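Commentary on secondary and tertiary structure
Okay, here's what each chain looks like letter by letter:
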Amino acid sequence: MKRLLFFLKDYKKETVLGPLFKLLEASFELIVPLVMAAIIDVGIAQGDRTYIMKMCGMLILLAVVGLASSVTAQYFAAKAAVGFSTKLRYALFSHIEKLSFSEMDKVGTSTLITRMTSDINQVQSGVNMTLRLFLRSPFIVFGAMIMAFTVNVKAALVFVVTIPLLSIVVFGVMIACMPLFKKVQAGLDRVLGRTRENLAGARVIRAFNKEEEEIQTFREENEYLTNMQIAVGRISGLTNPLTYIIINCAIIAVIWIGGHEVYDGVITQGEVVALVNYMSQILVELVKLANLIVNITKSLACANRIAEVLDTEPSLVSGNYEKKDGEDETCRVRFDHVAMTYAGASEESLSDLTFEVKKGETVGIIGGTGSGKSSLVHLIPRFYDVSAGAVYVDGVDVREYDLTTLRDKVGIVMQKAVLFSGTIAENLRWGKGDATEEEMWKALEVAQATDVVEGKEGKLNYKIEEGGKNLSGGQKQRLTIARAVVKDPDILILDDSASALDFATDAKLRAALRNMQGNKTIFLVSQRTSTIQFADKIIVLDDGRAVGIGTHEELLKTCEVYQEIYESQFKKEDKAGEVNAHVN
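Residues numbered from 1 in each chain as written. Predicted model: local features only at pLDDT ≥ 70, side-chain atom pairs only at ≥ 80, totals over all residues. Heavy atoms only, no water.

Attention now goes to the overall build of the protein. Looking only at helices and strands, the protein features 20 helices and 12 strands. For 584 residues, the compact-globule formula gives about 25 Å, and the C-alpha radius of gyration of the protein, at 36 Å, lies well above that figure. Across its three principal directions, the C-alpha atoms of the protein cover 120 × 50 × 50 Å. Of all 584 residues assigned to the protein, the portion counted as buried reaches 47%. A total accessible area of about 29,700 Å² is found for the protein, and carbon and sulfur atoms account for 57% of it. The protein carries 64 positive and 71 negative side-chain charges, and their two centres are separated by 5 Å. (Helix = DSSP H or I, 4+ residues; strand = E, 2+ residues; numbered from the N terminus. Rg over C-alpha atoms; globule rule 2.2 N^0.38 Å. Buried < 20%, exposed > 50% of the residue type's maximum accessible area, 1.4 Å probe, protein only. Areas by Shrake-Rupley, 256 points an atom, 1.4 Å probe, with all protein chains shown as cover. Lys, Arg positive; Asp, Glu negative; His and termini not counted. Charge placed at Lys NZ, Arg CZ, Asp CG, Glu CD.)

In structure tokens form, the structure reads like this:
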């Protein structure tokens, strides 16, 4: 939590003025019982209506000034709390953006969403209530006790016993609830993650008739969350009954002692009423303080969860090398005995990869599922770091590059086509912010997406829904390819990004990529040998190792794995075609 207080540094004035105005309000509140005592002992006892009206006016004045102080305090507290949460949310989002894929995989998307939303909202509420009540409630509690001593020492001793007992109850509840609140937030993470998975995979769940199973799983996780919340509620629910019991017993004691003191002529009836009022003020403020402590406990648990993310240091540290204009390297990409292991994995995903790619070459990468194809290309823009060896781009180790400079060189299309809500033009300009319509149409032509856009109302201004829900899989893939092409990168990576395209469209796309202007180096990751067979160089991966590097013709002669992949895709089709022709 201490680390998060840094985000309050721009609100020092508000964090001081908010509590001060609350203390001012509390000071006026402590005067009220004395005014009431004066009304009883002087005004009512002597039948002085003028005095009574005068004192009632004083009560109204105290109420108005107290209200003004309270509103002012609330303004400053709210300003500080909202400003604090705004800066914290921005800092957390910025930090998440700096995390590598490894850290994001480890923390989990649903957890990050929870911490960006409900956790920050809870901390904001905690800051607001702390600024308003954290000093006010103890001030009234101890102020009421001091005022009670000014009235009658013997009766005030009841306050001395009562306040420690109430503090034990309040702080005992806080200590008991703190670990449980952490479990509640962890349970909320799981429920959110389950919900997110089900909403994203609704079609798959229904296709396999898994609705009931998913409902049952959700019910179990939701019941766990509910049970944890009930457990916390039961403990925190003890606060009010216990405090009321203690306070009511204390009030009885005050009235008992005060009655004897009145009988003995030591104090007046009005002063007994003042003592009871002070005890009631203590009750109200300790109930507020108890609720505040519960809220602070939640906020601290949430703050610690946020701090965990902020304390997660990005494993990718940006270098400071920036490529100078005019420098030229014939070798665009070079892997030098590269190995990579994912965080928490027991085995390497890539092992001892060594190859180089010249400028302008097209490289095909093929292999079975889980062979490391995506892992290989993700090392080029440095989404992950190597665990051994080095990856060079234009003769420079990618770890020495400024990350922005490095990624400006690379355009990548991921396996999963991701589009954002907005127009087609806005999505394409993710690749190049100042792209003209002509440049966008050229990129769409290369990506074989011209017909997709022309068929939409508004064309480039057609509104894409969140996640591209109003587009087919093939349309989304072609638009993501166009987004990378419009960037005009030195290195273009297509990570199995044409899987939803038919063979004819795939062939046209490959031809258009070959005809692109510039000395571009292209990496084609695919399961289809037809997609990569015309590449200048093909890298065949098997269990993270390069088992073959060469052209299509060379690999058919020398690489057994490539032969198996090729034959499984072409020879069987040819045989099937021969059988069908014979039958006909």
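Next, the rest of the story.
It is worth spelling out the nonpolar core at this point. One finds Leu479 and Leu513 to be the most contacted residues of the largest nonpolar core, which totals 42 residues. The set of elements that each furnish at least two residues to this core consists of α13 (424-428), α14 (437-446), α16 (473-486), β9 (491-495), α17 (503-514), β10 (521-525), β11 (537-542) and α20 (560-583). Beyond its immediate sequence surroundings of up to four residues, leucine 513 is in contact with Val446, Leu492, Leu494, Ile522 and Leu524. Counting residues in each nonpolar core, the second largest holds 40 residues, with Ala148, Val170, Ala250 and Tyr278 among its members. (Core = buried A, V, L, I, M, F, W, Y, C linked by side-chain atoms within 4.5 Å. Contact = heavy atoms within 4.5 Å.)

On to the sheet that holds strand β5 (residues 396-397), then. Taken together, four strands build an open sheet; the order of strands is β2-β1-β4-β5 and the sheet is antiparallel. The sheet is open, and its two edges are formed by β2 (350-358) and β5, each paired on a single side. Where strand β1 (residues 331-340) lies against strand β4 (residues 388-393), five bridges are found, and the strand directions are antiparallel. Bridge pairing in β4 links alanine 339 to alanine 388. (Pairing = 2+ DSSP bridges.)

Moving on to a negative patch on the surface. Together, Glu347, Asp542, Asp543, Glu560, Glu564 and Glu567 give the surface a local cluster of negative charge. A total of three residues in the negative patch trace back to one element, the largest contributor, which is α20. Along the chain, glutamate 347 turns up in the loop between β1 and β2. Taking relative accessible area as the criterion, glutamate 347 reaches 60% and is therefore assigned exposed. (Patch = residues over 30% accessible without salt bridge, like charges linked within 9 Å, V, L, I, M, F, W, Y side chains within 5 Å. Salt bridge = Lys/Arg side-chain N within 4 Å of Asp/Glu carboxyl O.)

On to the confidence of the model for the protein, then. In this model, the protein carries a mean pLDDT of 83, and residues with pLDDT of at least 70 account for 95%. Under a pLDDT of 50 for its full length, residues 575-584 has, in the predicted model, zero contacts with residues more than four places off or in other chains. (pLDDT = per-residue confidence, 0-100.)

What follows deals with unusual backbone geometry. If you check the backbone angles, aspartate 352 has positive phi at about 45 degrees while not being a glycine. As for its position among the elements, aspartate 352 is in strand β2. The class for aspartate 352 is partly exposed, based on a relative accessible area of 47%.

Taken as a whole and judged by the stated rule, the model has 26 salt bridges. Between glutamate 25 and arginine 136 there is a salt bridge; the shortest N-O distance is 3.3 Å. On the criterion of sequence distance, the pair formed by glutamate 25 in helix α1 (residues 12-46) and arginine 136 in helix α5 (residues 136-151) is long-range, its members being 111 residues apart. Residue classification places glutamate 25 among the buried residues on the basis of a relative accessible area of 13%. When its relative accessible area of 2% is taken as the criterion, arginine 136 is described as buried. Here arginine 528 makes a salt bridge to aspartate 506, at a shortest N to O gap of 3.1 Å. Here arginine 528 is found in the loop between β10 and α18 (529-532), whereas its partner aspartate 506 is found in helix α17, with 22 residues between them in sequence. As far as burial versus exposure is concerned, arginine 528 and aspartate 506 are alike and both buried.

Quick look at the side chain of glutamine 533 now. Topologically, glutamine 533 is positioned in the loop between α18 and β11. When near neighbours in sequence (up to four residues on either side) are disregarded, glutamine 533 contacts Ile538, His552 and Tyr562.

The strand order across the open sheet formed by six strands is β6-β9-β10-β3-β11-β12, and the pairing between neighbours is mixed. Of all strands in the sheet, those bounded by a partner on one side alone are β6 (410-413) and β12 (545-550). If you compare each strand with its neighbour and ignore which way they point, the axes differ by 15 degrees on average. Across the sheet, α16 is in contact with β6 and β9; its angle to β6 comes to roughly 180 degrees. (Axes fitted to C-alpha atoms, helices over the stretch in contact; angles between N-to-C directions.)

Okay, the packing of helix α6 (residues 153-200) against helix α10 (residues 269-310) next. Closest axis-to-axis distance for the α6/α10 pair is 8 Å, and the angle between their directions is 25 degrees. With respect to each other, α6 and α10 are oriented roughly parallel. The element α6 and its partner α10 pack so that their crossing is right-handed. Split by residue class, the contact of α6 with α10 holds 23 nonpolar, four polar and four charged. (Parallel < 35°, antiparallel > 145°, perpendicular 65-115°, else oblique. Left-handed = near helix turned anticlockwise from the far one by under 90°. Nonpolar A, V, L, I, M, F, W, Y, C, P; charged D, E, K, R; others polar.)

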